[in-house]
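# Residue-level structural notes
In case you want the letters, here they are:
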Amino acid sequence: MPVGTGPIRASRTELALAEGRHKLEAQVMTPEREVFSGELIQLSTRTTLGEVGILARHVPMIARLVPTELRLHLEEGETQRYAQGEGWLEVFANRARVLVSEAIPPDALDARELRERLAEAERELAEAEEGGAAQEAAERETRRLQAFLEIAEKPTGPA
Amino acid sequence: MEMVAAARLRRAEQRIQAMRPYAEAIRRMARDVSEASEGSAARVHLLEQREPATKVGILLVTGDRGLAGAFNTQIVREGLRLKREYRSEGRTVTFSVVGRRGNSTMQFRGEDVAESYVGFTERPAFADARRISRDLTAAYTDGGLDRVDLVYNRYVSPLTQYVRRHTLLPLRESEVFGERAQGAETEPDAELADADRRASWIYEPEAEELLPMLFEEYADLSVYRALLESAASELGARMTAMRSASENAQEMIADLTLEMNRVRQAEITQEILEVVGGAEALG
């Protein structure tokens, strides 16, 4: 999928492939455990500013991640996916670290349960006091559940 | 029961280990972002020292179950001692309590508990910690609290746990940044890169916006750590309590057996004396 969708990315990937150093080291961690550690072609996630794709030799970066589908492209046509909670991305010295509150394989998500919890969170959001901490908490929870539900309902096609 | 506690304790110890690299990475990012944002740390809410801090929140971390020696009672005792101390200084105290045991004891003693968190103390998840941390940081940010203390059992070994009081809020910069990572955790080319570091880094969003979020995450991790330490301490205390209960029982069996034999022997001796005495009287 996203590898090579845009002309610039494709040429960068091809160039890197030709140079034989097209991979980056990646680690995905939650406070509870290490979820993934290994080499990748590309890591795709979402920061507060939008979608990012990290290839080998990316410039150093620290970013705030928002709930979305985290995609780890291990090889051409081989992708691991996770529903990622809020967290952090740190890229330095050809190594990308993803630190998130949770990283759940899509098939472990339960769409029906997520829908129920989303309805509940939306109710809380509607009742929360304007501008208070409870409102912010409800907003974040709503966004997380929406993102997870979208991932859970997505048909699982080839990577 | 001692064996079950031992297996659970091992897993609890592993969970404390598992969070370390994550926490270290958050510290490192907080240091980097703080340097890049040049002094904007001074404006982070969670670092704000309030004097006088009149409204104090205390989070007591106890367990859901008993049979763990002094594990629960020493937390409640320390909490009440702190309350007296703060009161004598003219401050008000609000309690939040983790664990069924602490909640029922506080209720029994007629103490007000603002928030109760129960049902996870043997195996706390990060989400539990975050829920507690967000309640406390929200109260701090909204001005309902000027200071937040955590009181929990710090885990040293299965035999040793001690009550620790730790000020969660305001956060101290020196604590968050910690010592610069030594040895294994240092990037091999870190020094080389350090010079032109900040200039070429990308921050999304800006460093000034990232910093408060990193401190918030650090507060979440501090609560998570306290919950994990407490869970390991609870299991350790229970294992020790079970072991000394077994040992006490063994000792008691030995003592009672001895006592029983002594009494029986005394009875026999008495009977012999009576028989001999009777024979002599006849003779």
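Residues numbered from 1 in each chain as written. Chains lettered and ligands numbered in written order. Predicted model: local features only at pLDDT ≥ 70, side-chain atom pairs only at ≥ 80, totals over all residues. Heavy atoms only, no water.

### Quick look at the interface of chain A and chain B
Using the following cut-off: Contacts are residue-level and defined by heavy atoms, with any inter-residue pair within 4.5 Å sufficient. By convention, the term buried area covers the 1.4 Å-probe accessible surface removed from two parts as they join, with the contributions of both added. One side-chain nitrogen of Lys or Arg within 4 Å of one carboxyl oxygen of Asp or Glu is enough to make a salt bridge. As used in this structure description, the phrase polar contact means that two N or O atoms lie within 3.5 Å; if the pair is within protein, one of them must be able to donate a hydrogen and the other to accept it, and residues adjacent in sequence are counted only when both atoms belong to side chains. Strands are runs of DSSP state E lasting at least two residues, helices are runs of H or I lasting at least four, and both sets are numbered from the N terminus onward.
The partner chain B presents 34 residues to the 28 residues of chain A that form the contact. Taken over both partners, the interface formed by chain A and chain B buries close to 2,700 Å², and the fraction arising from carbon and sulfur atoms is 63%. For the pair chain A and chain B, the number of links is 3 salt bridges. Note that Arg28(B) is salt-bridged to Glu90(A), the shortest N-O span being 3.0 Å. In this structure, the connection of chain A to chain B is made through 10 residue pairs in polar contact (both at pLDDT 80 or more). Elements supplying a minimum of two residues to the side of chain A that touches chain B: strand 5 (61-65), strand 8 (87-92), strand 9 (95-100) and helix 3 (133-153) of chain A.

### What about the packing of aromatic side chains?
Filter applied, for reference: The rule is short: rings of Phe, Tyr and Trp, with Trp giving its six-membered ring, pair when the centres are within 6.5 Å, and they are stacked under 30 degrees, edge-to-face over 60, tilted in between. Burial status follows relative accessibility: with a 1.4 Å probe on protein chains alone, a residue under 20% of its type maximum counts as buried, one over 50% as exposed, and anything between as partly exposed. Charge-over-ring contacts are defined here by two conditions on Lys NZ or Arg CZ: a distance within 6 Å of the ring centre and an angle within 35 degrees of the ring normal.
By the definition in use, this model includes 4 aromatic pairs over all chains. Centroid distance Phe92(A) to Trp201(B): 5.6 Å. Interplanar angle 25 degrees. Geometry classified as stacked. Of the two residues, Phe92(A) is situated in strand 8 and Trp201(B) in the loop between helix 6 (190-200) and strand 6 (202-204); the pairing between them involves two chains. Side by side, Phe92(A) and Trp201(B) carry an identical accessibility label, which is buried. Seen in terms of ring centroids, Phe126(B) and Tyr224(B) are 5.4 Å apart; in terms of plane orientation they differ by 80 degrees. Their pairing is edge-to-face. Remark: Tyr224(B) occurs in helix 7 (residues 207-282) and Phe126(B) occurs in helix 4 (residues 126-142); sequence separation between them is 98 residues. Each member of the pair, Phe126(B) as well as Tyr224(B), is classed as buried. An aromatic cluster is built from Phe92(A), Trp201(B) and Tyr203(B), whose rings are joined through pairwise contacts. Positioned over the ring face of Trp88(A) is Arg64(A), at 4.6 Å from the centre of the ring.

### Quick word on the domain arrangement of chain A
Residues and elements named next belong to chain A. Applied cut-off: The domain boundaries here were taken from an automatic or database domain assignment.
When its domains are assigned, chain A resolves into domain 1 (22-106) and domain 2 (108-153). Relative to domain 2, the C-alpha centre of domain 1 lies at a distance of 23 Å. In this complex, domain 1 contributes 12 residues to the contact, which on the side of domain 2 involves 8 residues. Summed over the shared surface of domain 1 and domain 2, the result is 2 salt bridges. A salt bridge links Glu 86 to Arg 140; the nearest nitrogen and oxygen atoms lie 3.0 Å apart. If you look at where domain 1 meets domain 2, you find 5 residue pairs in polar contact (both at pLDDT 80 or more). Going through the elements one at a time, strand 6 (68-75) and strand 7 (78-84) are the ones with two or more residues in the side of domain 1 that touches domain 2.

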